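# A look at the structure
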Amino acid sequence: MLKGVVSKVVAGLAAGASLFVAIVALGATLFFALDLVLPALGAAAITFGVFAVVALVIALVFLKGDGFGHAEEEEEPETFVQKAVHMIRERPILGAVGGLGALFLLLRNPALAAIAASMITEKRMESRGYGRKRRR
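To keep things clear, this report deals only with the structure shown in the data block. (Residues numbered from 1 in each chain as written. Predicted model: local features only at pLDDT ≥ 70, side-chain atom pairs only at ≥ 80, totals over all residues. Heavy atoms only, no water.)

### Quick look at the packing of helix 3 (residues 80-90) against helix 4 (residues 92-108)
Geometrically, a packed helix pair is captured by the angle between its two axes and the distance between the axes. Inclusion rule: Note on geometry: axes are lines fitted to C-alpha atoms, helical ones only across the stretch in contact, with angles between N-to-C directions running from 0 to 180 degrees. Numbering of helices and strands runs from the N terminus; a helix is a DSSP stretch of H or I covering at least four residues, while a strand is a stretch of E covering at least two. Roughly parallel covers angles under 35 degrees, roughly antiparallel covers those over 145, roughly perpendicular covers 65 to 115, and oblique covers all other angles. Should any heavy atoms of two residues lie within 4.5 Å, those residues are counted as being in contact.
Helix 4 packs onto helix 3 with a crossing angle of 120 degrees between their chain directions and a minimal axis gap of 5 Å. As the angle between them shows, helix 3 and helix 4 are arranged oblique. Between helix 3 and helix 4, the contacting residues are Met87, Ile88, Arg89 and Glu90 on the first element and Pro92, Leu94 and Gly95 on the second.

The following block contains the structure:
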């Protein structure tokens, strides 16, 4: 029995790895075919766009059958953080884009990243009892 389960898991992993290699090869083929008639940056942008649209279509097809968007009415969130979490739960693609945008801003501005990191660590320190001691 265990041997059968292991063989099915190995077969599934091999099929997944083969699919991954096929998708990468398809992307490379599309890129190099477009690179013959377009500049490299244009070919890369079109390749990215094609794969993004395919991923979006696949996500919409699989999320359609789960009753996505038909959740029961919840209470209206009060604070900004609750509103942000509610929006990310209701619209996960918008949340992912917002997270990538925030990551881009933090990577482009190291001072802002340092401020955000200090705020996060300061809250954690205070919750553990290591709050700042005031000098008199």
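### Focus: the packing of aromatic side chains
The relative placement of two aromatic rings is captured by the distance of their centres and the angle of their planes. We apply this condition: Aromatic pairs are defined between Phe, Tyr and Trp rings, using the six-membered ring for Trp, whenever the two ring centres lie within 6.5 Å; interplanar angles under 30 degrees are classed as stacked, those over 60 as edge-to-face, and all others as tilted. With a 1.4 Å probe rolled over the protein chains alone, any residue whose accessible area is under 20% of its type maximum counts as buried; one over 50% counts as exposed, and the rest are partly exposed.
Scanning the model with the defined rule gives one aromatic pair in all. With centroids separated by 5.1 Å and ring planes inclined at 70 degrees, the aromatic side chains of Phe31 and Phe32 adopt a geometry described as edge-to-face. Looking at Phe32, the relative accessible area reads 52%, which means it is exposed.

### Here's the deal with a nonpolar patch on the surface
Our working rule: Patch construction takes residues with relative accessible area above 30% that form no salt bridge. Like charges are linked within 9 Å, and nonpolar side chains (Val, Leu, Ile, Met, Phe, Trp, Tyr) are linked within 5 Å. Residue exposure ignores everything except the shown protein chains as possible cover, and the areas themselves are Shrake-Rupley values with a 1.4 Å probe. Put simply, a salt bridge is a Lys or Arg side-chain nitrogen that is within 4 Å of an Asp or Glu carboxyl oxygen.
A cluster of nonpolar residues, Leu36, Val37, Leu38, Ile46, Val50, Val53, Val54, Val57, Ile58, Val61 and Phe62, forms a patch on the protein surface that exposes about 1000 Å² of accessible area. Examined against the element boundaries, Val57 turns out to sit in helix 2 (residues 40-64).

### Comments concerning the layout of surface pockets
This is how the line gets drawn: In this analysis, the protein atoms alone were mapped onto a 1 Å grid. Cavities are point sets where a 1.4 Å probe fits without being able to get out; pockets are open sets with protein on both sides within 12 Å along at least five of seven lines; lining residues have an atom within 4 Å of a point. Grid points are joined across faces, edges and corners, and a volume is the space filled by probe spheres set on the points. Only Asp, Glu, Lys and Arg are considered charged in this grouping, and only Ala, Val, Leu, Ile, Met, Phe, Trp, Tyr, Cys and Pro are considered nonpolar; every other residue, Gly among them, is considered polar.
Considered as a void within the structure, the largest pocket measures approximately 190 Å³ in volume. As for the largest pocket, its lining consists of Phe80, Val81, Ala84, Ile88 and Ala102. Considered class by class, the residues forming the lining of the largest pocket number five nonpolar, no polar and no charged.

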